[in-house]
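Architecture and fold: a report
So you can see what is in the structure, the chains are spelled out below.
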Amino acid sequence: YVEGIGGNLTAAKNYLGRLQEMAKSGPIRELYYCWAYTGLNDLDRAMEHLQRAVDEADPLALYFDVFLPFDRLRRHQGYERIRHQQRLSLSSARG
């Protein structure tokens, strides 16, 4: 996430590749992919992985509405659907 946001796309893609390699030998949290794709500004893929994290009841997914790495996803059309799925009120939305 940080490398992508900082404009170092080569490093961000390398980290994503490492995640994909690690996934061959064991499960990787969907949120890790979400953050990587968010940093690369691939918001559709990031949202797919956020949705999977919510569906899998990842405890960190409960904080997607207040945790900085998710801020870029707010403009995605699926963001409000996930907020509704998580039963978050409109008044809790940041920004």
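Above this text is the structure in question.
Just so it is clear, the structure is predicted and the values come from calculations on it, not from any experiment.

Another point: the overall build of the protein chain. Looking only at helices and strands, the protein chain has five helices and zero strands in total. Listing every helix and strand of the protein chain by position from the N terminus yields α-α-α-α-α. If you line up the protein chain on its principal axes, its C-alpha atoms span 40 × 30 × 20 Å. Expressed as a percentage of the 95 residues in the protein chain, the buried residues total 38%.

Our next topic: the nonpolar core. Residues Leu16, Leu31, Cys34, Leu50, Phe70 and Leu73 are the most contacted members of the largest nonpolar core, which totals 23 residues. Elements supplying a minimum of two residues to this core: α2 (9–22), α3 (30–39), α4 (43–55) and α5 (79–85). Beyond its immediate sequence surroundings of up to four residues, leucine 73 is in contact with Cys34, Thr38, Leu43, Ala46, Met47, Leu50 and Tyr79.

Our next topic: a nonpolar patch on the surface. A cluster of nonpolar side chains, namely Leu60, Leu62, Tyr63, Val66 and Phe67, defines an oily patch on the protein surface of about 480 Å² accessible area. Topologically, phenylalanine 67 is positioned in the loop between α4 and α5.

Moving on to the packing of α2 against α3. As a packed pair, α2 and α3 sit with axes 10 Å apart at the nearest point and diverge in direction by 160°. Here α3 runs roughly antiparallel to α2, going by the angle between their axes. Crossing of α2 against α3: the hand is left-handed. Where α2 approaches α3, its residues Leu16, Leu19 and Gln20 are matched on the opposing element by Tyr32, Tyr33, Ala36 and Tyr37.

Its 14 residues give α2 an end-to-end C-alpha distance of 20 Å, which sits within 8% of 20 Å, the value for a rise of 1.5 Å per residue. Three or more residues of α2 are buried, namely Ala11, Ala12, Leu16 and Leu19. Projected onto a plane normal to the axis of α2, the buried residues spread over an arc of 145° and lie on a single side. α2 presents Thr10, Lys13 and Arg18 as exposed residues on the side facing more than 90 degrees away from its buried surface. Summarising the contacts, the buried residues of α2 are in contact with α1 (2–5) and α3.

So, about the packing of aromatic side chains. Inspection of the entire model under this criterion finds six aromatic pairs. Between phenylalanine 67 and phenylalanine 70 the ring centres are 6.0 Å apart and the planes differ by 55°, which places this aromatic pair in the tilted class. Following the ring pairs from residue to residue traces out a cluster consisting of Tyr32, Trp35, Phe64, Phe67, Phe70 and Tyr79.

Basis of the calculations
Residues numbered from 1 in each chain as written. Predicted model: local features only at pLDDT ≥ 70, side-chain atom pairs only at ≥ 80, totals over all residues. Heavy atoms only, no water. Helix = DSSP H or I, 4+ residues; strand = E, 2+ residues; numbered from the N terminus. Buried < 20%, exposed > 50% of the residue type's maximum accessible area, 1.4 Å probe, protein only. Core = buried A, V, L, I, M, F, W, Y, C linked by side-chain atoms within 4.5 Å. Contact = heavy atoms within 4.5 Å. Patch = residues over 30% accessible without salt bridge, like charges linked within 9 Å, V, L, I, M, F, W, Y side chains within 5 Å. Areas by Shrake-Rupley, 256 points an atom, 1.4 Å probe, with all protein chains shown as cover. Salt bridge = Lys/Arg side-chain N within 4 Å of Asp/Glu carboxyl O. Axes fitted to C-alpha atoms, helices over the stretch in contact; angles between N-to-C directions. Parallel < 35°, antiparallel > 145°, perpendicular 65-115°, else oblique. Left-handed = near helix turned anticlockwise from the far one by under 90°. Expected span 1.5 Å × (residues − 1). Arc of directions from axis to C-beta. Phe/Tyr/Trp six-rings, centres within 6.5 Å; stacked < 30°, edge-to-face > 60°.

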